[in-house]
Amino acid sequence: MCSRRPIRRFLPYLLISSQLSSALSFLGNDGLQIPLTVDADEVDGVAGEQSKLAAPCLGYEFPHVICIHRYGSLIHGDFERKVRNVLGDTETYPSTHAPGESTFTHISDADFLIWDTDVGGQILGSNPSIDFMFEVASVSHEAPVYSPTTNELYFSRLQQGFLPQIVVDLSQDPPVLTEKLASPPIYAAAGGRFYKGLIYFSTIGGNESLGGYTFRPGIYTLDPKTGESKTLLNNYYGWYFNAADDLDVDDQGQLWFTDNNYGRPVHVNTYAPQMGVATYRYNISSGLVAIVEDTLKEPNGVAFSPDRNTLYLSDTGAGSSIIDGRVNPAPSIHVNSTGPRLIYAYDVSESRKGLSNKRPIYRAIDYAPDGVKISREGYIVTATGHGVDILSADGEPLVRVQTNFTVINIGWAGKESDELWVVGKGGVARVRWALRGPIVE
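Counting starts from 1 at the beginning of each chain's written sequence and moves along it residue by residue. Residues qualify for local features only when their pLDDT is at least 70, as the model is predicted, and side-chain atom pairs are given and counted only at 80 or more; totals for whole chains, interfaces and linings, by contrast, use all residues. Only hydrogens and water are set aside; all other atoms, that is, all heavy atoms of the structure, feed into the side-chain values.

Concerning the pattern of salt bridges
To keep it simple, the criterion reads: Every case where a carboxyl oxygen of Asp or Glu lies within 4 Å of a side-chain nitrogen of Lys or Arg is listed as a salt bridge. Where helices and strands are cited, they refer to DSSP runs of H or I of at least four residues and of E of at least two residues respectively, numbered from the N terminus. Exposure classes here rest on a 1.4 Å probe applied to the protein chains alone. A residue is buried below 20% of its type maximum, exposed above 50%, and partly exposed in between.
By the definition in use, this model includes 12 salt bridges. As a salt-bridge pair, Glu91 and Arg81 come within 3.2 Å of each other at their nearest N and O atoms. Here Glu91, found in the loop between strand 2 (65-68) and strand 3 (112-114), pairs with Arg81, found in the loop between strand 2 and strand 3; they are 10 residues apart in sequence, far enough to count as distant. Using a relative accessible area of 13% as the deciding quantity, one classes Glu91 as buried. Between Arg326 and Asp324 there is a salt bridge, with its nearest N and O atoms 2.8 Å apart. The partly exposed category is assigned to Asp324, whose relative accessible area is 28%. Through salt bridges with shared partners, a single network forms among Asp366, Asp389 and Arg400.

If you want it as structure tokens, here you go:
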């Protein structure tokens with residue numbers, strides 16, 4: 001389990017110095033303060049003419065929230081970010097050794113980093129918080145999805161033989177963590193979406209005999225009211241899917257999902273890949289499954305823009321796997337920071353049958369962009385190592401949330417979709433801020 005930096009919750013302060021107090025009346029379009037970078041010389045303990053890379057933000061406690069000057073594009077003096085290719089525990093931006101920047105050491109103490117001060121306050125709101133909610137096993141946890149009909153958050157544990165779904169009861173204060181076993185069980189879900197009363201899970205688990213059941217990667221539904229599940233999709237014309245990792249729903253009710261090679265190296269799929277990795281769309285009504293993209297090394301996160309005209313796909317090919325079935329058991333995922341750690345944007349055809357205009361828009365600051373979600377405002381929100389990145393629709397970094405555990409996936413929750421729940425290796429956290437998730441159908 002990775003080491004844990006305490007997650008704090010602060011109330012914003014309203015005055016940094018008498019000279020700056022008048023500036024606090026500056027408001028964003030939605031009435032929220034837009035933080036402006038404070039001159040480092042104005043704050044005790046943060047000084048130095050050339051050491052202002054990490055500065056306080058007006059209206060926020062320092063170092064709870066830190067504004068990064070000019071996106072950190074200039075680091076004074078010698079510096080090094082020493083690469084650590086360890087699965088689930090790679091090096092981070094705050095681990096950069098920068099002795100010429102006296103303020104850089106504050107970055108590791110921050111819960112929120114603001115890259116773009118024009119919109120940072122609109123994203124965080126007046127009182128952003130991140131709370132460490134639960135300690136969980138030091139393995140990957142995935143597929144967080146909110147059920148508005150039961151006011152529960154479901155997520156999964158990618159562990160060999162583990163069949164229950166982990167459920168957070170949000171009707172209680174504080175929320176309570178439980179386990180529920182679907183009937184029949186759903187094994188190793190990696191992606192989840194709530195749509196028209198059901199949870200749709202994409203799964204990477206495959207096993208010929210587990211708990212008296214046979215499992216194959218695919219698409220499954222769960223009725224959160226009854227606990228009953230159904231298999232919707234478990235093959236491509238007779239071939240097994242490798243690992244149906246994540247999914248989203250378009251405006252015609254089609255499921256678009258990624259299929260990568262990660263099932264075997266995380267030891268939840270006993271069968272070697274039969275096909276190359278790809279992204280597919282699945283028509284729930286007709287049963288048609290069709291390939292839409294096959295150029296990514298390890299397609300992973302998938303999310304539509306609010307108008308469904310853009311599809312975002314992440315490629316986490318920096319984590320590679322051995323697919324040769326003769327190598328058994330399969331070794332764990334091998335990480336190499338020079339591999340793909342990217343989010344791509346695509347134009348979606350009017351017919352909602354194809355993609356065009358592939359373009360890279362973001363290389364992850366930390367680890368690789370695993371889960372991808374979109375806010376109601378159109379921002380891209382992605383799980384990246386020890387944190388969550390909030391990006392513009394064009395992939396420009398705006399805000400980063402820093403966590404004390406490795407984040408694998410994220411999900412909106414709450415009746416107003418006003419919380420972001422963060423799940424990963426060893427921990428579950430809750431973010432409260434000004435962003436909202438999409439309206440759940």
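Considerations on the nonpolar core
Using the following cut-off: For the purposes of this section, nonpolar cores are sets of buried Ala, Val, Leu, Ile, Met, Phe, Trp, Tyr and Cys residues that join through side-chain atoms within 4.5 Å. We call two residues in contact whenever any of their non-hydrogen atoms come within 4.5 Å of each other.
By size, the foremost hydrophobic cluster in this structure holds 28 residues, and its most contacted members are Ile123, Leu124, Ile390, Leu420, Val422 and Trp433. Among the elements of the structure, strand 2, strand 3, helix 1 (120-124), strand 26 (380-391), strand 27 (397-413), strand 28 (419-425) and strand 29 (427-432) are those that each provide at least two residues to this core. Top contributing element to this core by residue count: strand 27, with 7 residues. Leu124 has contacts with Tyr60, Val65, Phe112, Ile114, Val399, Trp433 and Ala434, leaving out every residue within four places of it along the chain. Among the nonpolar cores identified, the runner-up in size contains 25 residues, and Phe62, Ile68, Tyr362 and Ile365 belong to it.

Here's the deal with the state of the cysteines
Under the convention used in this document: Disulfides are defined as pairs of cysteine sulfur atoms found within 2.5 Å of each other.
Per the counting criterion, the structure on display carries 1 disulfide. Across the disulfide, Cys57 is cross-linked to Cys67 (sulfur-sulfur distance 2.1 Å). Around the S-S axis, the bridge from Cys57 to Cys67 shows a dihedral of about 135° and counts as right-handed. On the criterion of sequence distance, the pair formed by Cys57 in the loop between strand 1 (54-56) and strand 2 and Cys67 in strand 2 is long-range, its members being 10 residues apart. Here Cys57 matches Cys67 in class, with each residue buried.

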